[in-house]
Structures are given as structure tokens and as C-alpha cells.
Amino acid sequence: MQGNTPTNPPEPGSPAAGPSGQDAKNQRYWFHILAQNTPAARNLHATKLVDKAWQQGDRVCVLCDNQQQAQELDDLLWNFTPDAFIPHSIATDPSTPCSDPVGILLYPPAAADWDTVIILSSTLPEQADQYRRLALVAQNDPAVLNQARGHYKQLRKLGIEARVHDMRKR
């Protein structure tokens, strides 16, 4: 072991990672491009991200386009791990905000309410550059990938260079 180097460095963008700035800000935005091409794979990957962020103490939301997608995520979160419970709920109306640590939202999340925002929706929220952490998940489907490219361009216009995790290349 050399010096005081931690064996497990903090997650980029986490409070333990140190001071923020433009470089640190860019480390808080990720694109996950899956090798699979199904919505089910996308939802499962989002559930894994929810679990990881929640385990790290984050308040997490997933932005969905419709009630069916929200219900699929709800079902996955109820059954994700047999020995754990991820407290969550579906929130359909911004006038009654989600009070659970994990929210499945059908409206754009307020930046101040969430530590981690996971985007599955077709629209990138206007406040995207204000979120503490943002993950966009796209399955390997031409329409979804095209949508993701649009989100990526929007983030670049906001001065954010999101990190891309392209699982198709593994």
C-alpha cells in the first residue's frame, strides 16, 4: 500500500470526491448505452443504478414517459433483491411531490429535491444542468439511441460533457 491512497476511491461526482468545478460537474453526468435492445433491459439497468445510488445514501428519482413504464419500474424495484427493500413510490402529479427516498416520476423533477436523477423519458428536463447527478440510460435500439444523441447534444449546449459508458463495446 502506497501512502494514503484509498483502495476504493469515491464515486466521481459524489460528495466524497472533493470540490466541484466544471471538471467535477462533468463527472456527474453519465450516458449508459446498453448492449441489449429491449425496454426491459433498460428498466433493469435503471433499477441497478437506483439501488447503487440509494445504497450510497442518495435520494433518487427515475423520470418516465408514461404510467406503464413507471409500473414496470415499480414492479422491478419491489422484486429487485429478495433480502432488501428499496422504499419508493410512483409520483404522477408535481403538486403532491414524492416523499419517499426513491421516486418514479411522471413529471420533471425539481433539482433541489433529488441527489440522483435517472432519465428514461424521451424529453430531457430543462433543469438538467442543475441536477447533482444525472444518468441517462438507452438500450441499443435505433430510435432510443437517436433520442439519446439529442439529449447528449442538449447537455453539450449547457456546457456539460457527459461520460459515456457504451456497453456495446464490451
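Each value, and the rule that gives it
Residues numbered from 1 in each chain as written. Predicted model: local features only at pLDDT ≥ 70, side-chain atom pairs only at ≥ 80, totals over all residues. Heavy atoms only, no water. Salt bridge = Lys/Arg side-chain N within 4 Å of Asp/Glu carboxyl O. Helix = DSSP H or I, 4+ residues; strand = E, 2+ residues; numbered from the N terminus. Buried < 20%, exposed > 50% of the residue type's maximum accessible area, 1.4 Å probe, protein only. Core = buried A, V, L, I, M, F, W, Y, C linked by side-chain atoms within 4.5 Å. Contact = heavy atoms within 4.5 Å. Pairing = 2+ DSSP bridges. Axes fitted to C-alpha atoms, helices over the stretch in contact; angles between N-to-C directions. Expected span 1.5 Å × (residues − 1). Phe/Tyr/Trp six-rings, centres within 6.5 Å; stacked < 30°, edge-to-face > 60°.

1. Observations regarding the pattern of salt bridges
Following the criterion strictly, the structure yields 4 salt bridges and no others. One salt bridge in this structure joins Arg 132 and Asp 115, with 3.2 Å as the shortest N-O distance. Residue Arg 132 is located in the loop between β5 (116–119) and β6 (133–138), and its partner Asp 115 is located in the loop between β4 (102–105) and β5; the two are separated by 17 residues in the primary sequence. Residue Asp 166 pairs with Arg 168 through a salt bridge whose shortest N-O separation is 2.7 Å. A residue is classified by how much of its surface remains accessible, and Asp 166, at 15% relative accessible area, is buried. Here Arg 168 falls in the partly exposed class, since its relative accessible area comes to 37%.

2. Points about the nonpolar core
Of all hydrophobic cores here, the largest spans 25 residues; its most connected members are Leu 105, Val 117, Ile 119, Leu 124, Leu 134, Leu 136 and Leu 155. Here this core gets 4 residues from one element, more than from any other, and that element is helix α4 (residues 142–157). Each residue touching Leu 136, except ones within four places of it in the same chain, is listed here: Trp 30, Phe 31, His 32, Ile 119, Leu 124, His 151 and Leu 155. Residues Leu 34, Ala 46, Leu 120 and Ala 135 belong to the second largest nonpolar core, which totals 20 residues.

3. Things to note about the sheet that holds strand β7 (residues 163–166)
Spatially, 7 strands are ordered β3-β4-β2-β5-β6-β1-β7 in an open sheet, and the strand pairing comes out parallel. Every other strand in the sheet has two partners, leaving β3 (88–91) and β7 as the edge strands with one partner each. Direction aside, the axes of adjacent strands within the sheet are offset by 20 degrees on average. Pairing between β5 and β6: 4 bridges, direction parallel. Opposite Thr 116, over in β6, you have Arg 133 as the bridge partner. Sitting on the sheet, helix α3 (residues 67–79) is in contact with β2 (60–63), β3 and β4, with an inclination near 175 degrees to β3.

4. Quick word on helix α2 (residues 39–55)
Given 3.6 residues per turn, any residue in an α-helix points the same way as the ones three and four places further on. Compared with an ideal rise of 1.5 Å per residue, which puts 17 residues at 24 Å, α2 spans 24 Å between its outermost C-alpha atoms and is within 8% of the ideal. Within the span of α2, buried status applies to Ala 41, Arg 42, Asn 43, His 45, Ala 46, Thr 47, Leu 49, Val 50, Asp 51 and Ala 53. Immediately downstream of α2, the backbone of Gly 57 shows phi near 95 degrees, a positive value.

5. A look at the packing of aromatic side chains
In this structure the tally under the stated criterion is 1 aromatic pair. Ring centres of Phe 31 and Tyr 152 lie 5.4 Å apart, and the angle between their planes is 55 degrees; on these two criteria the pair is classed as tilted. With Phe 31 in strand β1 (residues 29–33) and Tyr 152 in helix α4, this residue pair connects regions lying 121 residues apart in the sequence. By relative accessible area, which is 4% here, Phe 31 ends up buried. On the basis of relative accessible area, Tyr 152 is assigned to the partly exposed category, the value being 23%.

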